[in-house]
Amino acid sequence: MTAAGRTLRVLHVSDLHLRPGQRLERRFVEGLAALEPDLVVDTGDNLSHTRAVPEVLRALGGLLDRPGVVVWGSNDYHGPRPKNPSDYLFRPQHRVLGPELPWRDLRAAFLERGWVDATHTRHTLDVGGLRVAVAGVDDPHIGRDDHDRIAGPVDEPCDLRLGLTHSPEPRVLDAFAADGYDLVLAGHTHGGQLRLPGYGAIVTNCGIDRSRARGASRWGAHMRLHVSAGLGTSPYAPARFACRPEATLLELVPRPLAGTPAAPRATGGEGRPPSARSGAGG
């Protein structure tokens, strides 16, 4: 998917939903640094508690020493609250927002370590000798997205055009595709969280179709999409079924022909130690 002649290793993490005391999840995320990605992409919902910022920083640990970009999700801004599970089926537009979370403190710590907040901004990064154009929107799930602030094709030479959003809403994906982006990364869906064998995700909690609730797919003629099933859950809905938590290492390979994106290879993560290098979302 890159224009230059080398592979770019992108670690996609999303939906940590961390709170104090989650030692196993934190230790798993700490171990992801051993993958040595070229770029870390965090697509939001890091927090699940007012005292979770230190937990997130400890978990990401060595990954904060690598180039990284982030956009935010609703559960960075607001803590979880109990919600009737039937709302996901019968009232998908119903929102239950909890207390405000210290996302600004987390953002300040990320920026201090050199990460880039791509929310409603455009950046060009030098990542391992490749030029990566990055743009992101705020969380569409709660109506904070404003693609007009970053609209338009990338007007400078680059090897990869990368779009970021927490929730993979079709209107946002269509806008990135119209602007010529190669790849969009998103989270939010938890892969459906509850999946039925042979059927897949029951719901996506957004406007995307069930078949794209997790993993890599095409969006339009030229753009690729990767939706992470994420690593955590709300404390009020802590169960997953047939949907293991994941962090995904995407190996973006050079385009075989100009203008023809090659499929990203996804490895690592999916609930196993990083050294397992098992398939995840691809």
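An unreviewed UniProt entry lists the protein under the name Metallophosphoesterase, with Actinomycetospora chlora given as the organism.

Examining the pairing of strand β11 (residues 215-219)
As judged from the 5 bridges shared by β11 and strand β12 (residues 223-227), these two strands associate in the antiparallel manner. Within β12, the residue paired with W219 across the bridge is M223. Linkage of β11 to β12, two consecutive antiparallel strands, is achieved through a turn of 3 residues, within which G220 is found at a positive phi near 80°.

Concerning a nonpolar patch on the surface
On the surface, L194, L196, Y199, I202 and F241 cluster together into a nonpolar patch covering about 460 Å² of accessible area. Within the secondary structure, I202 sits in the loop between β10 (200-201) and β11. I202 sits in the partly exposed class, given a relative accessible area of 33%.

A closer look at the packing of aromatic side chains
Tallied over the full model, the rule gives 5 aromatic pairs. Aromatic side chains F110 and W115 sit 4.9 Å apart centroid to centroid with 45° between the ring planes, which places their arrangement in the tilted category. One aromatic cluster is present, formed by W72, Y77, W103, F110 and W115 through successive ring pairs. The positively charged end of R144 is found above the aromatic ring belonging to Y77, 3.7 Å away from the centroid. The ring of Y199 carries R210 above its face, with NZ or CZ at 3.9 Å from the centroid.

Some words on the nonpolar core
If you look at the biggest cluster of nonpolar residues, it comprises 28 residues, and the most contacted ones within it are L11, V29, L32, L47, L60 and F110. Of all the secondary structure elements, the ones that give two or more residues to this core are β1 (8-13), α1 (23-31), α2 (53-60) and α5 (103-112). Excluding anything up to four places from it in sequence, L11 contacts L32, L35, P37, L39, V40, V41, L63, A247, T248 and L249. Of all hydrophobic cores here, the second largest spans 20 residues; its members include L125, V127, V132 and L185.

Description of the pairing of strand β6 (residues 130-136)
Counting buried positions over the 7 residues of β6 gives 6, a clear majority of the element. For strand β5 (residues 122-127) and β6, the ladder comprises 6 bridges, and the chain directions are antiparallel. Looking at β6, one finds that L125 is bridged to V132. As consecutive antiparallel partners, β5 and β6 are separated by 2 residues, and within that stretch G128 has a phi angle of approximately 60°, a positive value. Bridge count for β6 against strand β7 (residues 160-164) is 5 bridges, and the pairing is parallel. Bridging across to β7, V134 finds its partner in L162.

Definitions and limits used
Residues numbered from 1 in each chain as written. Predicted model: local features only at pLDDT ≥ 70, side-chain atom pairs only at ≥ 80, totals over all residues. Heavy atoms only, no water. Pairing = 2+ DSSP bridges. Helix = DSSP H or I, 4+ residues; strand = E, 2+ residues; numbered from the N terminus. Patch = residues over 30% accessible without salt bridge, like charges linked within 9 Å, V, L, I, M, F, W, Y side chains within 5 Å. Areas by Shrake-Rupley, 256 points an atom, 1.4 Å probe, with all protein chains shown as cover. Salt bridge = Lys/Arg side-chain N within 4 Å of Asp/Glu carboxyl O. Buried < 20%, exposed > 50% of the residue type's maximum accessible area, 1.4 Å probe, protein only. Phe/Tyr/Trp six-rings, centres within 6.5 Å; stacked < 30°, edge-to-face > 60°. Lys NZ or Arg CZ within 6 Å of the ring centre and 35° of its normal. Core = buried A, V, L, I, M, F, W, Y, C linked by side-chain atoms within 4.5 Å. Contact = heavy atoms within 4.5 Å.

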